[in-house]
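If you want the building blocks of each chain, they are given just below.
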Amino acid sequence: MFRSMSSNNAAWPPPPPANETESDKATRLEAEHEAKRISDEIDHALEQERQELRKRRPQTKILLLGQSESGKSTMIKNFQHKFCPATFLAEAEAWRTVIHLNLVRYVNYILELLSIPAAGIQGRGHPDKDNRVLQMRLSPLKHVEVILARAISGEPFGVSSPIGDKVPSFPGRSTEVCIRGGTAWKSLVRGRESLDSSSEYTSRSSIVVDELEDARRILDACKDDIVALWKIRASEEHDLDHARYFLDNAARVADIKYTPTVEDILRARLRTIGVEEYRMSMETSMEKGVDWLFYDVGGARSQRTAWASYFEDVNAVIFLCPISCFDQQLEEDAMVNRLTDSIDLWTTVCKSKLLANAIFILLLNKADLLRAKLKAGIMFEDFVSSYRGRPNKLEHVGEYIREHMKAAHRSYSPKKRPLHVHVTCAIDTKLMSNVLNDIRDAILITVLRQTTFL
Ligand SMILES: Nc1nc2c(ncn2[C@@H]2O[C@H](COP(=O)(O)OP(=O)(O)OP(=O)(O)O)[C@@H](O)[C@H]2O)c(=O)[nH]1
Ligand SMILES: [Mg+2]
């Protein structure tokens, strides 16, 4: 402001006049000082007004929809990583526990398979001496699993019981880590430094922290055996595709000094039950101080009835369709193809009158997995007959799904509205950066329009 007071683009303050007397100089300096004070006051008032305006701006509410494992919670992590990096970093400690639980559940699953001859594993595995030694040496991981699940859930026995003595049903819910909305699990599993100094909560948290430290020591002691187990089993466990990342990285992840990387956090699986609310205070300069409210819903069929109560009053819907799932069935109904379910769900969401004024963003997610499947020779046309005769390539398949879903949006929306579509890979922050900027801009423009002109 002070600089802009100068007219004709001349520098401020102007150079002293020639032959200036001491008394003229004192008067000039005083005048300049006063002008600067007034300018600073105006700057200050303007900044306060700007901040007030930001605060009074209605909150931006974003609803994430899509079937289970479509990547909704992963998208929220992406938003946080890009627009609230300090908060994202501060939560890495909490994610460490989830990642450890992911790893330990997969390892325990393999151990269970090896120990159940009746499950038809004999033909798949090598129930030899090496396996038996590994099974014995890794047996403390059952206890580690219980501790980790308990820490995350805040409940005495964890949110879902550890694998019992039945045939494990992976790939399925029995090995998944899940969390109910509103359990504030992140604060439960943060380190000692975050403990509240008062009350019963402190003593519970302190027990959790001690138990977690024990669990981490046991995991560290088991890391070489986990690596050895995975070396033997990696080529045999075709069902463990999405668990491979943490098993491949077991030596690093199980190490006592382990700190999660951004990719680790994006890869961590924590199934949402109910509806989780995330309030994000933007940290980046353009949006600093503005709050965005995200509603992250559980995508499984049994969870979908809870969605409707969040339809009213949201500014934006981000719908995730996992395009790699064309050859898979729903966990909850083996008769239903996942891509068909996703497209049906999209049609239902498009039809909703309650969402008529919201901006629609469609993310065709898991493009990396789709590319890998098509490259491995799995034919899209074998599962989608109307695609017959077309190239089995990501670009073509992606375009086909995009056009199909755009047409559904056009036909079923209660009124004409724009649709923003992106093909995404939510575990790749570099690829996601531009998509996130586009989404932010699209949402900001819509909110501005809704509040200014409507
Ligand atoms: N390879 C790959 N994995 C992804 C991608 N997006 C998400 N994932 C992984 O898929 C898993 C499921 O993602 P989530 O974000 O938990 O899925 P969700 O839609 O929230 O699922 P629910 O909470 O059950 O409704 C996680 O392990 C993610 O890391 C992607 O684009 N590519
Ligand atoms: Mg989720």
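Owing to the predicted nature of the structure, the values given are computational and were not obtained by experimental measurement.

### What to know about unusual backbone geometry
For step 1, the next point in the chain: Residues other than glycine seldom take positive phi values, yet glutamate 69 does so here, at roughly 65°.
For step 2, the next point in the chain: Inspection of the secondary structure assignment puts glutamate 69 in the loop between β1 (60-65) and α2 (72-83).
For step 3, the next point in the chain: Even without glycine at this site, aspartate 313 takes up a positive phi of about 80°.
For step 4, the next point in the chain: With respect to the helices and strands, the residue aspartate 313 is situated in the loop between β5 (291-297) and β6 (316-322).
For step 5, the next point in the chain: The class of aspartate 313 is exposed, set by 12 C-beta atoms lying within 10 Å.

### Regarding the site of ligand 1
For step 1, the next point in the chain: Around ligand 1 sit 23 residues, and of these Gly71, Ser73, Thr74, Thr272 and Gly299 come closest.
For step 2, the next point in the chain: Among the secondary structure elements, those contributing two or more residues to the shell around ligand 1 are α2, α11 (262-267), β3 (271-273) and α13 (367-375).
For step 3, the next point in the chain: Grouping the constituent residues of the shell around ligand 1 by class yields 6 nonpolar, 10 polar and 7 charged.

### Considerations on the sheet that holds β1
For step 1, the next point in the chain: If you walk across this open sheet you meet the 6 strands as β4-β5-β1-β6-β7-β8, and the pairing is mixed. Two strands lie at the open edges of the sheet, namely β4 (275-281) and β8 (419-423), each paired on one side alone. Strand after strand, the sheet turns through a mean of 20° between neighbouring axes, direction not considered.

### What about the UniProt feature "binding site: Mg(2+)" (unreviewed entry) in the protein chain?
For step 1, the next point in the chain: As recorded in UniProt, the sites labelled "binding site: Mg(2+)" (unreviewed entry) are Thr272.
For step 2, the next point in the chain: Relative to the assigned elements, threonine 272 resides in strand β3.

### Topic: the packing of α13 against helix α14 (residues 394-412)
For step 1, the next point in the chain: One can describe the packing of α13 onto α14 by two numbers: an axis separation of 10 Å at closest approach and a directional angle of 125°. When the axis of α13 is compared with that of α14, the two are oblique. Here α13 and α14 pass one another in a crossing that is right-handed. Two secondary-structure elements touch here, α13 through Ala367, Leu370, Arg371 and Leu374 and α14 through Leu394, Val397 and Gly398.
For step 2, the next point in the chain: Looking at the contact of α13 with α14, its residues break down into 5 nonpolar, 1 polar and 1 charged.

### Some thoughts on the UniProt feature "binding site: GTP" (unreviewed entry) in the protein chain
For step 1, the next point in the chain: The feature "binding site: GTP" (unreviewed entry), as given by UniProt, occupies Leu266, Arg267, Ala268, Arg269, Leu270, Arg271, Thr272, Asn365, Lys366, Ala367, Asp368 and Ala426 in the numbering adopted here. A maximum C-alpha distance of 22.9 Å among these annotated residues, which run over 161 residues, shows that they spread across the structure rather than meeting at one spot.
For step 2, the next point in the chain: Along the chain, the position of arginine 271 falls in strand β3.
For step 3, the next point in the chain: In this view, lysine 366 contacts Gly71, Pro322, Ile323, Ser324 and Cys425; residues no more than four positions away in its chain are not counted.

Reading guide: rules and limits
- Residues numbered from 1 in each chain as written.
- Chains lettered and ligands numbered in written order.
- Predicted model: local features only at pLDDT ≥ 70, side-chain atom pairs only at ≥ 80, totals over all residues.
- Helix = DSSP H or I, 4+ residues; strand = E, 2+ residues; numbered from the N terminus.
- Buried ≥ 20, exposed ≤ 12 C-beta atoms within 10 Å, placed from the backbone.
- Near = placed C-beta within 6 Å.
- Nonpolar A, V, L, I, M, F, W, Y, C, P; charged D, E, K, R; others polar.
- Pairing = 2+ DSSP bridges.
- Axes fitted to C-alpha atoms, helices over the stretch in contact; angles between N-to-C directions.
- UniProt positions renumbered as here; feature names shortened; annotations may be inferred.
- Parallel < 35°, antiparallel > 145°, perpendicular 65-115°, else oblique.
- Left-handed = near helix turned anticlockwise from the far one by under 90°.
- Contact = placed C-beta atoms within 7 Å.

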